[in-house]
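Observations on the three-dimensional arrangement
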Amino acid sequence: MENNKVLETIGLTKYFYDPVKFKVLSAIDLSIDHGEFVSIVGKSGCGKSTLLYLLSTMDTDYEGQIFIHNELVTGKADKVLAQIRNENIGFVFQFHYLLIEYNVLRNVMLPGLKLAKYSEQELEHRALEHLKTLGMEDQALKMPNQLSGGQKQRVAIARALINDPLIIMGDEPTGNLDKKNSNLVFDIFKELTLEKKQTLLIVTHDTDFANKTNRIITMEDGRIIS
Amino acid sequence: MNFKLILNIALHLLKARLKQTIVAAIGVTFSIAMFIALVSFMNGLNDLLDGLMLNRTPHVRLYNDIKPSEHQPITLTEAYKNSTNFIRSIKPKDIGKSIYNSKAIIAYLKKDPRIIDVAPKITTPVFFNSGTIEISGVINGIDVLSEEKIFKVSEYIIEGKVTNLLQNNSIILGKGLADKMMLTVGDIIKITSPSGNLSSLKIVGISQMGIAEVDDVLSYTSLDTAQKLLGEPTNYITDIQIQLHDKTIAPELSKEFREKFNLDTIDYKTANAQFETGSSVRTIISYAVGVVLLIVAGFGIYNILNMMIYEKMDSIAILKATGFSGNDVRWIFISLSLIIGFVGGIFGLLFGFIFSSIIDVIPFKTTSLPTITTYPIYYDGIYYVIGIIFALFTTTIAGYFPASKASRIDPVEIIRGK
Ligand SMILES: Nc1ncnc2c1ncn2[C@@H]1O[C@H](COP(=O)(O)OP(=O)(O)OP(=O)(O)O)[C@@H](O)[C@H]1O
Ligand SMILES: [Mg+2]
């Protein structure tokens, strides 16, 4: 079966048991093609983040199946999933999660060092390239605490890009940013889809942001309604 | 697994918490240093006491004990050979303390390649006459040169020289005896042997073992003098003392000679069983203290790692989100602990050596050990090997539990929490 699917779910269902059994996601069927720029919107508490964590392979407690690049990842071992995340998925969260012990450049390089596909020099070069496209090359040797919020978020994006992932997932990556920075991040994402055919899946509350994407998935009470 | 990267991350985490890391490492350093110093000191002490004991006890001693005959007449009669015979009221038989055919035995032993030297000896109780009173004591008639070679008698001679005994009719008195009878070197002392012979000997030296009971009764003469004193021929010897190359085979040799020469034998271990106990107790104490200190240091590391993990939850979460497996995270924290253990341990070895060297030069004088001027230290590389293994082992254990906790951290929970 040769197709263009980067991500596919079949009957994805998740429960929370604490304090009472509660169905957060019910039978989600979703498919994302290569090069799509998809946003997920919906009321607070409808299960967007939960869905994203399942798709990211970090949360493995669910029913149904997840395919990444047509390969079933459900039920794989922790080590294999870590490898899949490292190679295929880039993350940008609302909070930047940069390691304060490392400078910007090292932070960006870290997933690449883990993957060890390129040599350290090559990685450094690639990291600088990504920082350059994000307008951050002159900040490469700063420590994360010396950066502004928007700058940190751009570093996080560069980090998500370092291994050329199949898909970049974001959970309200612009949530902490003002309008100007938020637009900047959107422009970066847009450019990635246009120039690098990068697939993006972004959870957002920002309707302006969502309206500018290729496809909007709307959720309500653990279901996809459109 | 990419150990270079993992080590790099561990080092950066440590750098960010340098102060606590140093405190943790100092804990390890301190315990290893204490362990090394203690174990070196205790073994130095063991060595010294062993020496003290071996300076007085031959590895194997051959002698005639007073005991009942092993073969009673009834066992020799054919008629009762296969019966179980009960004999009551057996009296010990004194076959004489003299070792029969001693010259031949000594000549034979001297050829044995396992034996360094053989020293014949005569031990006899005597009375020292001082004016009207008689003081009981013991005379050791020794082969001066062999005795000196095996037991370093000269170390205990505080006045005169042991070789003075080579002169005829000379004696070296124990200090206690000399003091009691108010005699000094050059004086003449009258001695009565068990059989009543009276002789006069010239005092050529004073000895001091440092043990009052010994110094109050013991004196040395040469073999000849002792034989003359007792009115015995020149082959009269009561003890044959044997020094071995390898003292650990003493018990076996003791048995072998007992059977071969039909004499009573005793090895140094049996003769000094209580010393062995003391030695092992000291060794146990030093290891116990070392282990206890290390456990304390281990708890320190455990605490610091736990704290670090709480502080670094975010970092752990993002490491996991970007593709580090639980195992990678575990190794990061174990390496962290190992770095602390290794660095702390190496400094511990260094300080242990320094402490040992300091103890080694602290003056320590005791009359019983005239050759000892400082506290004893026994240097042995094996303690250092054990020390560093201890350090690495404890820190690995201390690090393992926090590291496993870190490896189980669910990144989703952390990321959700923000
Ligand atoms: N660990 C948990 N245990 C129990 N219930 C949870 C847990 N985490 C989330 N929930 C519940 O699951 C539901 C979905 O949460 P989720 O975080 O996915 O919402 P969301 O769509 O991302 O909301 P928001 O837009 O506010 O971020 C919520 O009702 C929430 O209360
Ligand atoms: Mg959310």
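Procedures and definitions
Residues numbered from 1 in each chain as written. Chains lettered and ligands numbered in written order. Predicted model: local features only at pLDDT ≥ 70, side-chain atom pairs only at ≥ 80, totals over all residues. Heavy atoms only, no water. UniProt positions renumbered as here; feature names shortened; annotations may be inferred. Helix = DSSP H or I, 4+ residues; strand = E, 2+ residues; numbered from the N terminus. Rg over C-alpha atoms; globule rule 2.2 N^0.38 Å. Buried < 20%, exposed > 50% of the residue type's maximum accessible area, 1.4 Å probe, protein only. Areas by Shrake-Rupley, 256 points an atom, 1.4 Å probe, with all protein chains shown as cover. Lys, Arg positive; Asp, Glu negative; His and termini not counted. Charge placed at Lys NZ, Arg CZ, Asp CG, Glu CD. Contact = heavy atoms within 4.5 Å. Buried area = accessible area lost by both parts, 1.4 Å probe. Salt bridge = Lys/Arg side-chain N within 4 Å of Asp/Glu carboxyl O. Polar contact = N/O pair within 3.5 Å; in protein donor to acceptor, adjacent residues only side chain to side chain. Pairing = 2+ DSSP bridges. Axes fitted to C-alpha atoms, helices over the stretch in contact; angles between N-to-C directions.

The name given to chain B in an unreviewed UniProt entry is FtsX-like permease family protein, and the organism recorded there is Flavobacterium taihuense. UniProt, in its Subcellular location (unreviewed entry) section for chain B, records the words "Cell membrane".

By the naming in an unreviewed UniProt entry, chain A goes by ABC transporter ATP-binding protein and is assigned to Flavobacterium taihuense. Taken from UniProt, the Sequence similarities (unreviewed entry) comment for chain A reads in full: "Belongs to the ABC transporter superfamily."

Looking only at helices and strands, chain A has 7 helices and 10 strands in total. A compact globule built from 226 residues should have a C-alpha radius of gyration of about 17 Å, and chain A, at 17 Å, falls within 12% of that. With 226 residues in all, chain A has 57% of them scored as buried. A total accessible area of about 10,100 Å² is found for chain A, and carbon and sulfur atoms account for 48% of it. Across chain A, the mean location of the 26 positive side-chain charges is 1 Å away from that of the 30 negative side-chain charges.

All names here are of chain B. Tracing the backbone through its elements, the reader meets S219 in strand β8 (residues 218-222). The exposure class assigned to S219 is buried, which follows from its relative accessible area of 0%. The residues contacting S219, other than those within four sequence positions of it, are F128, V138, I139, N140, I171, I172, L173 and G174.

The subject of this paragraph is the UniProt feature "domain: ABC transporter" (unreviewed entry) in chain A. Annotation from UniProt places "domain: ABC transporter" (unreviewed entry) at residues 7-225 of chain A. Helix makes up 37% of residues 7-225 of chain A and strand 26%. Its end C-alpha atoms lie 19 Å apart.

The interface of chain B with chain A comprises 28 residues on the first partner and 28 residues on the second. Surface buried jointly by chain B and chain A totals about 2,400 Å² across both partners, of which 62% is contributed by carbon and sulfur atoms. Taken as a group, B:I318, B:I415 and B:R416 account for 22% of the area that chain B buries against chain A, more than any other trio of residues on that side. The tally of links from chain B across to chain A stands at 3 salt bridges. Notably, a salt bridge pairs B:K312 with A:E101, separated by 2.4 Å at the nearest N-O pair. The interface formed by chain B and chain A contains 10 residue pairs in polar contact (both at pLDDT 80 or more). Broken down by secondary-structure element, the contributors of at least two residues to the side of chain B that touches chain A are α1 (3-16), α12 (313-321), α13 (326-361) and α15 (411-417) of chain B. For the side of chain B that touches chain A, the leading source of residues is α1(B), giving 7 residues.

Moving on, we get to the sheet that holds strand β2 (residues 22-33) of chain A. All names here are of chain A. With respect to topology, 4 strands assemble into an open sheet ordered β2-β1-β4-β5, the strand pairing being antiparallel. The outermost strands of the open sheet, each flanked by one partner alone, are β2 and β5 (71-72). Note that strand β1 (residues 5-16) and β2 share 8 bridges and pair antiparallel. Residue pairing across strands places F16 opposite F22, the latter belonging to β2. Contacting β1, β2 and β4 (63-68), helix α1 (residues 48-55) runs over the sheet at an angle of about 120 degrees to β1.

Residues and elements named next belong to chain B. Here, UniProt's "transmembrane region" (unreviewed entry) annotation points to residues 21-42, 284-310, 331-362 and 382-401. The straight-line gap between the two end C-alpha atoms of residues 21-42 is 31 Å; of that span, 100% is helix and 0% is strand. End C-alpha to end C-alpha, residues 331-362 measures 45 Å, and it is 97% helix and 0% strand.

All names here are of chain B. Residue placement: T225 occurs in helix α8 (residues 223-230). A relative accessible area of 2% means that T225 is categorised as buried. Sequence separation between T225 and L166 is 59 residues; the distance between their C-alpha atoms is 9.3 Å. With near-sequence residues (within four places) excluded, T225 lies in contact with N169, S170 and L201.

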